[in-house]
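This is what each chain is made of:
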Amino acid sequence: MPAEWERQSGVQLTWPHAATDWAPMLEDITAVYQEMAREISKRESLIVVDDIPHDDTWARDHGFITVEENGQLILLDFCFNGWGEKFPARQDNRINRQLYERGLVKGTYESHLDFVLEGGSIESDGRGTVFTTTCCLMAPHRNQPLTQQQIEERLKAYLGAERIVWLNHGSLIGDDTDGHIDTLVRICPDDTILYTGGDADHPDLDLMQQELQQLRTLDGRPYRLLGLPLPRPIYDGDDRLPATYANYLVVNGAVLVPTYAQPDLDRLAMDTIALAYPDREIVPIDCRPVIRQHGSLHCCTMQYY
């Protein structure tokens with residue numbers, strides 16, 4: 001499975017519409033998607049899923065996961081079941097096949113619709129290590145009765161991984177995904193890891209940091225760890241939303257970073273991400289409308305290599 005910073009051919013956005021949960025804020029979320037579309041299309045191709053029926057717009061979790069095998073691109077079509085059957089996703093599992101049949105994505109199609117796997121739940125370094133979280137992949141209503149070892153064996157086979165790193169700690173208040181790794185820990189070039197730092201309300205993030213400090217590369221070296229600030233609490237009514245700077249998107253020549261109208265923390269997060277990606281432009285995207293549906297920028301997108 002390629003690393004996200006490898007050369008891409010395009011990025012998919014699944015567009016919001018009035019029959020989705022975005023209906024009460026459709027104008028605001030459409031403006032964010034237009035900004036993402038402009039920034040992506042400056043640098044690579046953009047696939048917009050609009051006329052294919054869909055229940056939600058989180059392309060990261062219903063889009064193809066792509067791997068390379070002997071120089072060929074393999075399009076892996078996994079089951080998306082609304083993050084453990086929390087939300088309807090019947091139509092979303094038909095998107096990939098239609099994109100492939102219309103010729104909008106190129107590669108060898110493989111159906112794995114008997115296995116639940118969301119793109120936001122895995123991170124690859126492009127060199128044989130895939131990172132994930134036990135709280136997500138072992139959560140109810142995903143792949144029971146498979147054991148952790150059986151799931152690991154499938155991940156290795158499907159993704160071409162030599163090892164699976166399971167993180168046992170880390171979650172955000174308000175998260176619907178059971179701890180997607182792309183809200184917590186992101187793998188970067190040169191054995192660097194960006195991770196979400198904690199606060200008094202998130203003691204489990206401190207335990208996650210301790211796990212990362214003990215982690216070693218395949219050749220036995222410690223990772224370079226860069227902590228990201230946690231945004232100050234953002235609420236929708238009484239509900240605290242799972243805002244995170246870790247949910248950025250790497251595209252050709254740039255990193256699109258979610259921001260939340262907190263200038264000091266937004267700048268600190270962008271400067272920290274720039275340390276991991278010194279050769280790329282850092283582009284802020286105001287994701288306050290996105291976080292109202294408990295996701296952020298990376299969740300909205302899926303890249304193709």
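The following paragraphs examine the structure supplied in this document. (Residues numbered from 1 in each chain as written. Predicted model: local features only at pLDDT ≥ 70, side-chain atom pairs only at ≥ 80, totals over all residues. Heavy atoms only, no water.)

### As for the pairing of strand β15 (residues 254–259)
Item 1. Most of β15 is tucked away, with 6 of its 6 residues classed as buried.
Item 2. Strand direction decides the pairing type here: strand β14 (residues 249–251) and β15, joined by 3 bridges, are antiparallel. Counterpart to L249 in the pairing with β15 is L256.
Item 3. Connecting β14 to the next strand, β15, in antiparallel fashion are 2 residues, including G253 with a positive phi near 85 degrees.
Item 4. Two elements, β15 and strand β16 (residues 281–286), share 6 bridges in a ladder whose sense is parallel. Directly across from V255, in β16, lies its bridge partner I282.
Item 5. In this fold, the crossover linking β15 to β16 by way of helix α8 (residues 263–276) has right-handed handedness. (Buried < 20%, exposed > 50% of the residue type's maximum accessible area, 1.4 Å probe, protein only. Helix = DSSP H or I, 4+ residues; strand = E, 2+ residues; numbered from the N terminus. Pairing = 2+ DSSP bridges. Right-handed = clockwise from strand over helix to strand, strands pointing away.)

### Quick look at the environment of G119
Item 1. Topologically, G119 is positioned in the loop between β5 (108–116) and β6 (123–124).
Item 2. Overall, the relative accessible area of 7% leaves G119 in the buried class.
Item 3. Each C-alpha atom, one on G119 and one on L268, is 27 Å from the other, the two residues being 149 residues apart in sequence.

### Some words on the sheet that holds β5
Item 1. One open sheet holds the 3 strands; their spatial order is β3-β4-β5, and the pairing between them is mixed. The two strands at the open ends of the sheet, each matched to only one other strand, are β3 (65–69) and β5. Pairs of neighbouring strands in the sheet enclose a mean axial angle of 30 degrees, with direction left out of account.
Item 2. Where helix α6 (residues 148–159) meets the sheet, it contacts β3, β4 (72–79) and β5, and its direction lies at approximately 170 degrees from that of β5. (Axes fitted to C-alpha atoms, helices over the stretch in contact; angles between N-to-C directions. Contact = heavy atoms within 4.5 Å.)

### Quick look at the pattern of salt bridges
Item 1. In total, this model carries 19 salt bridges according to the counting rule given.
Item 2. Where R142 meets E118, a salt bridge forms, and the shortest distance between an N and an O atom there is 3.1 Å. Here the residue R142 occupies a position in the loop between α5 (134–137) and α6, and E118 occupies one in the loop between β5 and β6, the gap between them amounting to 24 residues.
Item 3. A relative accessible area of 1% places E118 in the buried class.
Item 4. A salt bridge links R267 to D271; the nearest nitrogen and oxygen atoms lie 3.2 Å apart. On the criterion of helical spacing, the pair formed by R267 and D271 is a turn pair, its members being 4 residues apart in helix α8.
Item 5. When its relative accessible area of 45% is taken as the criterion, R267 is described as partly exposed.
Item 6. Here the salt bridges do not stand alone but share partners, grouping E39, K42, R43 and E281 into one network. (Salt bridge = Lys/Arg side-chain N within 4 Å of Asp/Glu carboxyl O.)

### Quick word on the environment of D125
Item 1. Mapped onto the elements of the fold, D125 is located in the loop between β6 and β7 (129–133).
Item 2. For the pair D125 and S9, spaced 116 residues apart in sequence, the C-alpha separation works out to 18 Å.
Item 3. A polar contact of 3.3 Å, which involves the side chain of D125, links it to the backbone nitrogen of G128.
Item 4. From its side chain, D125 meets the backbone nitrogen of T129 in a polar contact 3.1 Å long. (Polar contact = N/O pair within 3.5 Å; in protein donor to acceptor, adjacent residues only side chain to side chain.)

### Some words on the nonpolar core
Item 1. In terms of nonpolar packing, the biggest core is built from 65 residues, with V185, I193, Y248 and Y277 touching the most fellow members.
Item 2. In terms of residue count, the dominant contributor to this core is helix α1 (residues 26–41) (6 residues).
Item 3. Among the nonpolar cores identified, the runner-up in size contains 20 residues, and L76, C136, Y158 and L159 belong to it. (Core = buried A, V, L, I, M, F, W, Y, C linked by side-chain atoms within 4.5 Å.)

### Overview of α1
Item 1. The end-to-end C-alpha distance of α1, which contains 16 residues, comes to 22 Å, matching closely the 22 Å that a straight helix rising 1.5 Å per residue would cover.
Item 2. For α1, the complete set of buried residues consists of I29, T30, V32, Y33, M36, A37, E39 and I40. (Expected span 1.5 Å × (residues − 1).)

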